[in-house]
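Residue-level listing of the chains:
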Amino acid sequence: MDRKFAEKLLLEAKSMNEGAWIEHSYYVAHLAEKIASKAGMDSEKAYILGILHDIGRRNGNMQARHAIEGFQFLTNIGFDEGARICLTHTFQYKDIEAIYDTWDCNDDEKHFLTEYLENTTYNDYDKLIQLCDALSLANGYCYAEKKMVNSVLKFGFKDTTISKWKAIFELKEYFDGKINGDVYSLF
Ligand SMILES: [Fe+2]
């Protein structure tokens, strides 16, 4: 997978299901690239993973299901690292109930996801896209708190919400440490 091909996939997805998620994907990618280059990570890979993290939305408007659709799509074209990110970016807090929206998928798919998360130890790229997703809207960047509040106003407060918020703050601290500065200064 290279940058050009990842961008081509996003453009193709745009023609299938245009929406705010396209711009959001570019914002996630650019922030991931910047943080990665300061953190001594592979910035090209970070950009590509950011571009493709929501690619499941190509298949139509959906809620948490987009994670599974993206995983299947990228697995089918042989990009396993990207497929993984489609699933992991949704779970800053590792619990399949810890989504802001709802599970529009069947029990088999939820079972698959539960096992996948249990057997996965997050690497720095999982964490990076989780953080960038939490700081990126469709029209730019925001402090983590803003997206947290927006999401809860939109979807409601759940038993897992506080744990998810704590996990997002931990990610912010983790990458502040890795870049030896403040992630917010890179917006
Ligand atoms: Fe997503």
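Residues numbered from 1 in each chain as written. Predicted model: local features only at pLDDT ≥ 70, side-chain atom pairs only at ≥ 80, totals over all residues.

Assigned secondary structure in the protein chain consists of nine helices and zero strands. Its C-alpha atoms give the protein chain a radius of gyration of 15 Å, within 12% of the compact-globule value 16 Å for 187 residues. Oriented by its inertia axes, the alpha-carbon framework of the protein chain measures out at about 40 × 40 × 30 Å. Burial analysis of the protein chain (187 residues in total) assigns 37% to the buried set. (Helix = DSSP H or I, 4+ residues; strand = E, 2+ residues; numbered from the N terminus. Rg over C-alpha atoms; globule rule 2.2 N^0.38 Å. Buried ≥ 20, exposed ≤ 12 C-beta atoms within 10 Å, placed from the backbone.)

An α-helical turn contains 3.6 residues, so a residue and the one three or four places further along point in the same direction. Counting buried positions over the 10 residues of helix α3 (residues 43-52) gives seven, a clear majority of the element. Within α3, burial applies to A46, Y47, I48, L49, G50, I51 and L52. In this structure, the buried side of α3 is in contact with α1 (3-16), α2 (20-39), α4 (65-76), α5 (80-88) and α7 (124-135). (Contact = placed C-beta atoms within 7 Å.)

Let's shift gears to the nonpolar core. The biggest cluster of nonpolar side chains holds 43 residues, and the ones touching the most others in it are A32 and L128. Among the secondary structure elements, those contributing two or more residues to this core are α1, α2, α3, α4, α5, α7 and α9 (161-179). Once residues within four sequence positions are removed from consideration, A32 is found in contact with A46, Y47, L49, G50, L128, I129 and C132. (Core = buried A, V, L, I, M, F, W, Y, C linked by C-beta atoms within 7 Å.)

The next thing to look at is unusual backbone geometry. With a phi close to 55°, N180 is a non-glycine residue in the positive phi region. Judged by local crowding, N180 falls into the exposed class, with 8 C-beta atoms found within 10 Å.

In the contact formed by α1 and α3, the axes pass within 9 Å of each other and the chain directions differ by 10°. Between α1 and α3, the angle falls in the class roughly parallel. Facing α1, whose interface residues are R3, A6, E7, L9 and L10, α3 presents E44, Y47, I48, I51 and L52. Taken together, the residues of the contact of α1 with α3 sort by class into seven nonpolar, no polar and three charged. (Axes fitted to C-alpha atoms, helices over the stretch in contact; angles between N-to-C directions. Parallel < 35°, antiparallel > 145°, perpendicular 65-115°, else oblique. Nonpolar A, V, L, I, M, F, W, Y, C, P; charged D, E, K, R; others polar.)

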